[in-house]
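# Architecture and fold: a report
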There are 4 protein chains.
Amino acid sequence: MLYFSNDYSYGAHPEVLKRLVETNMVATEGYGEDIFCLRAKEKIKKAIENPEAEIFFLAGGTQTNQVVINSMLQKHQGVIAANTGHIATHEAGAIEFTGNKVLPIKHIDGKICSDDLRDFLNTFYNDENHSHMVYPGMVYISFSSEYGTIYYKDELVSLHNVCKEYQIPLYIDGARLGYGISAEDSDLNLKDIAENCDVFYIGGTKIGALCGEAVVFTKNNVPLCFTTLIKKHGALLSKGRLLGVQFDALFTDDLYLKISKKAVETASCLREGLIKKGYKFFIENKTNQIFIILNNEKLRKLQEKVVVSFWEKYDETHTVIRLATCWATKKEDVDKLLEIM
Amino acid sequence: MLYFSNDYSYGAHPEVLKRLVETNMVATEGYGEDIFCLRAKEKIKKAIENPEAEIFFLAGGTQTNQVVINSMLQKHQGVIAANTGHIATHEAGAIEFTGNKVLPIKHIDGKICSDDLRDFLNTFYNDENHSHMVYPGMVYISFSSEYGTIYYKDELVSLHNVCKEYQIPLYIDGARLGYGISAEDSDLNLKDIAENCDVFYIGGTKIGALCGEAVVFTKNNVPLCFTTLIKKHGALLSKGRLLGVQFDALFTDDLYLKISKKAVETASCLREGLIKKGYKFFIENKTNQIFIILNNEKLRKLQEKVVVSFWEKYDETHTVIRLATCWATKKEDVDKLLEIM
Amino acid sequence: MLYFSNDYSYGAHPEVLKRLVETNMVATEGYGEDIFCLRAKEKIKKAIENPEAEIFFLAGGTQTNQVVINSMLQKHQGVIAANTGHIATHEAGAIEFTGNKVLPIKHIDGKICSDDLRDFLNTFYNDENHSHMVYPGMVYISFSSEYGTIYYKDELVSLHNVCKEYQIPLYIDGARLGYGISAEDSDLNLKDIAENCDVFYIGGTKIGALCGEAVVFTKNNVPLCFTTLIKKHGALLSKGRLLGVQFDALFTDDLYLKISKKAVETASCLREGLIKKGYKFFIENKTNQIFIILNNEKLRKLQEKVVVSFWEKYDETHTVIRLATCWATKKEDVDKLLEIM
Amino acid sequence: MLYFSNDYSYGAHPEVLKRLVETNMVATEGYGEDIFCLRAKEKIKKAIENPEAEIFFLAGGTQTNQVVINSMLQKHQGVIAANTGHIATHEAGAIEFTGNKVLPIKHIDGKICSDDLRDFLNTFYNDENHSHMVYPGMVYISFSSEYGTIYYKDELVSLHNVCKEYQIPLYIDGARLGYGISAEDSDLNLKDIAENCDVFYIGGTKIGALCGEAVVFTKNNVPLCFTTLIKKHGALLSKGRLLGVQFDALFTDDLYLKISKKAVETASCLREGLIKKGYKFFIENKTNQIFIILNNEKLRKLQEKVVVSFWEKYDETHTVIRLATCWATKKEDVDKLLEIM
């Protein structure tokens, strides 16, 4: 079987694994106080060109969203997200479970537009009954988005400006951050990301790690006793080194960006091949995810040889599927896939 | 520096790491639906001699406690634990954070006695105001306990009988399960554990894994839609294979028990050495944790060469410290430590 | 000033108050175990013609919604509501605060249509990723709705049928139940309401009481230890009699329905007057709430003499306001209002 | 039957009821924005001699505790309470339900001693693992306590000093505040209470009101958007006037203190009578609650004529019961009770 269903089908990038092997018998402190976490943090600060950033490692994406959002919101506040946002749809209510409402706002290709955001906030504060409502206390965006699209610099700056105007933080879910900034049309790098939001995370699980996300606070805005809050969420690993070692590897010699770029290039090949073959795209984008509309009959046949992701029902006879590449996807797998399709 | 502070100072047991390397480039399904998780589950079922057990993998201990307790309790119930239990003391309120009260009960050497449990339950139901109180809905014990002690078979059976009488589940936190059943005075094996409780977890993080705990439901009592509940807690890893591969290795050729036994033997050597040197023990036990009372001055000097765990203040001039061995502790490290002390 | 802003501007209906005075010095049990609560329950059971119904009294509407929804949902479930539903908009996130997601669905004049409900449920279960999503576990509707509209019998039956098909309860927020069933176009009475849902509440606060809502479970479906759950929500009044006495009065000699009817008739007079004067209605309905669109300038002037409710901004120069009558609204107040307008 | 089981067996004090009747047909704003709430607040500020205090009205005691504690604690904190405190025992886990751990501390006659408090806090901060624990973030005491005892001025000042030292607020649950400061041995008045804590509530339900507690913030320390937080807890009454009118009456002509004093005097008569008859007291105190130890046989007979409260089992053949007086208890009822006993 060929695996194109997602970007978490394989283990770790060989360099990451190698580092785990090399450091295995070094004894360290627990709970992220170890030398590897420390080193990884220093390397990330260099990569984002922000020596004052504060960084924490968590195991997975939903967990990271729950911890960050719950820790940063004030008690009367909820979090604005596109109605297609991961926290609004596919996290089984993890945000609400810990008491916080997700305030959905319309998406455009998976993204929030700054005009819509300003309207939403403006309408809220002009509503004379707003003290009976959940206050918007944070904006959540994903980069790249659930539809594989990216924000361009002017869009991100505009969103951040609206947030600053209303004094609420902008949070970027970067589960696929590397694949986003590596897209050929991206005009943002890691430094730009760090500058133009208040907190974000650098996704490891989907980009070369076995598990792990690096949360970055860039505005001297770490929640009080954040390590205790992480523990309270059940999210503090005793062997915190597991995450530190992996991010240390990912941020050595630009590995994170290199492997992100490779996956995006592989996706581009696949995209071109699909265009040539006349496939219909559900949405246009240039990152590692490709969404196409397939005849159900064709889908059934394809699934005999390829693992793909169901995305949504398109109509009675068609389905939207996702094809994803990752750092591990080989050029020959793309060729095989195109041959089959 | 010598590390004797805990049992999570090193990486993974070499066999576990080897398996991670070997399986790294095999593509699989996500979220624990992979072949490695499946295999690990089969092996665990064999090890506990319970073909109908249902098994789920989670990343860490506090997370596991939060997920299991929150998922199994009914809405008017809380969980009984020794007042020294991990959930009652060192989990930053993770159980309460998701809405459940921990009902503390007095401990004897870190353990709950079945008579005390029956008294507690009896007193509760005889209290005419009990409908204004949190109902006891589960019993939590840790094996081995936070003080390194273990339950003997008759004790465990008695506890379970009280639970059955009151129709509430008995849950065993097995973060150090292997070290517990490997103690020379233990009369319980994995099968006994599985039989004499309703749900337990087999700790991986502290016994050879990089991370991971295996939750085992043994009485056809998996909570409805448990995978969704795990996700809701932010605890569902997309690369679930990470946990499956490790438990597959740990339950191949009895590795889990072998390395547990080794750690307990190393601890025994250390314990004997300390007895010979006249050290005063805070508590007697035969598992991988040793608690001794040290003069503060002596402690300061010791800490120049050895990393140990602060446990609690004993009096103005003395401190209780913990020394722990693990699968990775070498005999020569014990010798060095004894020499220093 | 004339008060037309809402239906909770006055104290209690004189008959309710009289009963409070008469019973004041009768000593009773606390927590709703008193004779007045008992009597009120019996009268309500008669009024809904359901001798097996189980009834509980709570102080207010948001509280009731939070307690009922949180107590009835299973842990992996959320509650479907119109995106205009009170729980989705004006309860400050009370439902999410206790861990449950509100799943918004499009409204038609404040109501949910059974076809839309079936589509929603069908789409959910056909989504291959639905185990990563919040399961729909209850349907919430308000009767009369936030827009003053009502469900007709066939609509309610259809909704309930969809719920039964998917085995989830239908819950009716009856904060304005009396005003709804008293509308001239209503083809539902209290018995019909009780039959065609699984749980509902009879609103007292807005219909003659100082405070109080009566929750009615009609399908042998009271959550386990519900009184304890009420206490856990902080919602159990020690002087439960306060609620019992009031509902006893409201359900003596059909007072509840009589005063509801009177308010609806007063609203009809007002509605006719407004039509004659050419006012533009935001929505058509026949209950005690009237929504009209006013020029902002006109609104400012009106507010010098009349207290009205801001509903929403209509456009740059117009605003939607609500005018509400209640059991206490006098015919001459309507005349005065029409004169002013 | 005679009712001595508690202080919430009757309706409202006649003056309170009279005010409800008089104001019934005055139309007002909702949600506590009315003239009666305003007036009551002014009168309370005068009574406590603190013109800058900020006051909010809630319906019941458990609700008030849940709202205040949840709103004032930071996210990593829990609340210290005597292990006999109402929040620790008889609130069905309401504090934990909204995510906050109650940190129990030993009681002396229902009270917390400042030395024990300092020890607890000191031990916490000296514990090297305290970042894995729930931080003590508030101290809860009840006045009078669950055992009817009171803090003397020096005790309260000492407690408050420890709180100030550790920069955490002191919160007084004043469900029976009036009965406490009216005890003949009390050296505290309302002003002293207000000065020597950070937030407290003046209990209405048990002292003359139908329902209602007045929360008083005395140190410019109202939580941000507190009204929204109250709503989020489901605790905002739309007819907030119900609470305002009652507290307006209670704080007119010192009614609150007068009726508190009367109840305490009636209790004193009863206490003296019981002493003369040789009854054994479970605890000594001088407020409106009396705790005596009765032979079970005697208790059964007594219960044929008198409603009393079960408090706890004393031994196999004896039970502790509570007898309580209130503003409504008549001298002749005390005589009758003494005759029966």
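The following paragraphs examine the structure supplied in this document.

So, how was this worked out
Residues numbered from 1 in each chain as written. Chains lettered and ligands numbered in written order. Predicted model: local features only at pLDDT ≥ 70, side-chain atom pairs only at ≥ 80, totals over all residues. Heavy atoms only, no water. Helix = DSSP H or I, 4+ residues; strand = E, 2+ residues; numbered from the N terminus. Rg over C-alpha atoms; globule rule 2.2 N^0.38 Å. Buried < 20%, exposed > 50% of the residue type's maximum accessible area, 1.4 Å probe, protein only. Contact = heavy atoms within 4.5 Å. Areas by Shrake-Rupley, 256 points an atom, 1.4 Å probe, with all protein chains shown as cover. Phe/Tyr/Trp six-rings, centres within 6.5 Å; stacked < 30°, edge-to-face > 60°. Lys NZ or Arg CZ within 6 Å of the ring centre and 35° of its normal. Buried area = accessible area lost by both parts, 1.4 Å probe. Polar contact = N/O pair within 3.5 Å; in protein donor to acceptor, adjacent residues only side chain to side chain. Nonpolar A, V, L, I, M, F, W, Y, C, P; charged D, E, K, R; others polar. Pairing = 2+ DSSP bridges. Axes fitted to C-alpha atoms, helices over the stretch in contact; angles between N-to-C directions. Least-squares fit on C-alpha atoms with pLDDT ≥ 70 in both.

## Thoughts on the overall build of chain A
The number of helices and strands found in chain A is 14 helices and 13 strands. Its C-alpha atoms give chain A a radius of gyration of 20 Å, near enough to 20 Å, the size a compact globule of 341 residues would have. Principal-axis analysis of the C-alpha atoms places the extent of chain A at approximately 60 × 55 × 35 Å. A buried classification covers 67% of the 341 residues belonging to chain A. Expressed as a percentage of contacts within chain A between residues at least 6 apart in sequence, the contacts between residues at least 24 apart total 73%. Summed over its atoms, the accessible surface of chain A is roughly 12000 Å², and 48% of this surface lies on carbon and sulfur atoms.

## So, unusual backbone geometry
Residue F143 of chain B is joined to S144 of chain B through a cis peptide bond whose omega torsion reads -5°. Mapped onto the elements, S144 of chain B comes out in the loop between β5 (135–142) and α7 (153–165). Although it is not a glycine, Q167 of chain A sits at a positive phi angle of roughly 55°. Relative to the assigned elements, Q167 of chain A resides in the loop between α7 (153–165) and β6 (170–173). Positive phi, close to 50°, is recorded for N220 of chain D, a residue that is not glycine. As for its position among the elements, N220 of chain D is in the loop between β8 (213–217) and α10 (226–232). Overall, the relative accessible area of 59% leaves N220 of chain D in the exposed class.

## Focus: the packing of aromatic side chains
In the structure shown here, the tally under the stated rule is 69 aromatic pairs over all chains. Look at Y147 of chain A and F291 of chain A: their rings are 6.0 Å apart centre to centre, the planes differ by 70°, and that puts the pair in the edge-to-face class. Linking Y147 of chain A in the loop between β5 (135–142) and α7 with F291 of chain A in strand β10 (residues 289–295), this pair joins segments that are 144 residues apart in sequence. You can call Y147 of chain A buried: its relative accessible area is 9%. For F291 of chain A, a relative accessible area of 0% corresponds to the buried category. Of the aromatic side chains, those joined through ring pairs into one cluster are Y147, F282, F291, W311 and Y314 of chain A. The aromatic ring of F56 of chain C is capped on one face by K41 of chain C, whose charged end is 5.5 Å from the ring centroid.

## Thoughts on the interface of chain A and chain B
Contacts between the two partners involve 48 residues from chain A, matched on the other side by 48 residues from chain B. For the chain A and chain B pair, buried surface summed over both sides reaches about 4200 Å², with 62% attributable to carbon and sulfur atoms. Of all residues in chain A, Y8, F97 and K239 of chain A give up the largest surface area on contact with chain B, accounting jointly for 17% of the area buried on that side. In this assembly, chain A and chain B are joined by 20 residue pairs in polar contact (both at pLDDT 80 or more). Mapped by element, the contributors of at least two residues to the side of chain A that touches chain B are α1 (14–23), α3 (61–72), α5 (94–97), α10 (226–232) and α11 (241–250) of chain A. At four residues, α3 of chain A tops the list of elements feeding residues into the side of chain A that touches chain B. The residue inventory of the side of chain A that touches chain B, partitioned by class, reads 23 nonpolar, 18 polar and seven charged.

## Details of the sheet that holds strand β13 (residues 318–324) of chain C
Residue and element names in this part refer to chain C. Strand order in the open sheet made by the four strands is β9-β10-β13-β12, with antiparallel pairing throughout. Where the open sheet ends on each side, the last strands, each with one partner, are β9 (280–281) and β12 (309–315). For β9 and strand β10 (residues 289–295), the ladder comprises two bridges, and the chain directions are antiparallel. Of the residues in β10, the one forming a bridge with F281 is I292.

## Regarding the sheet that holds β5 of chain B
All names here are of chain B. Judged by pairing direction, the sheet is mixed, and its seven strands sit side by side in the order β2-β8-β7-β6-β5-β3-β4 without closing on themselves. Each edge of the sheet is formed by a strand with only one pairing partner; in this case those strands are β2 (54–58) and β4 (102–105). Going from strand to strand, the sheet's axes swing by 25° on average, the running direction of each strand aside. α7 contacts β5 and β6 (170–173) of the sheet and is inclined by roughly 140° relative to β6.

## Description of the relation of the copies chain A and chain B
For the pair chain A and chain B, the relating rotation is 180°, the translation along its axis is 0.0 Å, and the fit reaches an RMSD of 0.0 Å. In the structure described here, the two chain copies are related by an operation that fits a two-fold rotation axis. Identified as the residue of chain A closest to the rotation axis by C-alpha distance is T98 of chain A, at 3.4 Å. When the interface residues of chain A are mapped onto chain B, 100% of them are again interface residues, pointing to one common binding face.

No statement about biological role is implied by the geometric values presented.
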